[in-house]
Amino acid sequence: MKLNEKILYYRKAAKLSQEELAAQVGVSRQAVSKWELGVSQS
């Protein structure tokens, strides 16, 4: 499983929206979206 797939899997398992996850890790919702799409990993 690739990193972007893991982020998406565990976010959904925790029943979090991209916005909620972003708030918890201190990034923008757009950053989480890019991570999940595999566009950016940092």
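Owing to the predicted nature of the structure, the values given are computational and were not obtained by experimental measurement.

## A word on the confidence of the model for the chain
With 95% of its residues at a pLDDT of 70 or more, the chain has an overall mean of 94. Put simply, helix H3 (residues 29-37) is where the chain has its lowest mean pLDDT, 96, and helix H2 (residues 18-25) is where it has its highest, 98.

## Points about the packing of aromatic side chains
With the rule as written, the count across this model stands at 1 aromatic pair. Relative to Tyr10, the ring of Tyr9 has its centre 5.0 Å away and its plane inclined at 85 degrees; by these criteria the two rings are edge-to-face. The partly exposed category is assigned to Tyr9, whose relative accessible area is 48%.

## Looking at H2
Of all the residues in H2, the buried ones are Gln18, Leu21 and Ala22. Axial view of H2: buried residues confined to an arc of 100 degrees, hence all on one face. In H2, the exposed residues that point more than 90 degrees away from the buried face are Glu19, Ala23 and Gln24. Buried residues along H2 sit against helix H1 (3-13) and H3. Looking one or two residues beyond H2, the residue adopting positive phi is Gly26, at roughly 80 degrees.

## Digging into the packing of H2 against H3
Where H2 meets H3, the closest approach of the two axes is 8 Å, and the angle between their N-to-C directions is 105 degrees. The angle between H2 and H3 falls in the class roughly perpendicular. Contact residues: Gln18, Glu19, Leu21, Ala22 and Val25 in H2; Arg29, Val32, Ser33, Trp35 and Glu36 in H3. Looking at the contact of H2 with H3 residue by residue, the classes come out as 5 nonpolar, 2 polar and 3 charged.

## So, the environment of Arg29
By the element assignment, Arg29 lies in helix H3. We classify Arg29 as partly exposed; its relative accessible area is 35%. In this structure Arg29 touches Gln18, Glu19 and Ala22, once residues within four positions along its chain are discounted. At 3.3 Å, the side chain of Arg29 forms a polar contact with the side chain of Gln18.

Criteria and cut-off values
- Residues numbered from 1 in each chain as written.
- Predicted model: local features only at pLDDT ≥ 70, side-chain atom pairs only at ≥ 80, totals over all residues.
- Heavy atoms only, no water.
- pLDDT = per-residue confidence, 0-100.
- Helix = DSSP H or I, 4+ residues; strand = E, 2+ residues; numbered from the N terminus.
- Phe/Tyr/Trp six-rings, centres within 6.5 Å; stacked < 30°, edge-to-face > 60°.
- Buried < 20%, exposed > 50% of the residue type's maximum accessible area, 1.4 Å probe, protein only.
- Arc of directions from axis to C-beta.
- Contact = heavy atoms within 4.5 Å.
- Axes fitted to C-alpha atoms, helices over the stretch in contact; angles between N-to-C directions.
- Parallel < 35°, antiparallel > 145°, perpendicular 65-115°, else oblique.
- Nonpolar A, V, L, I, M, F, W, Y, C, P; charged D, E, K, R; others polar.
- Polar contact = N/O pair within 3.5 Å; in protein donor to acceptor, adjacent residues only side chain to side chain.

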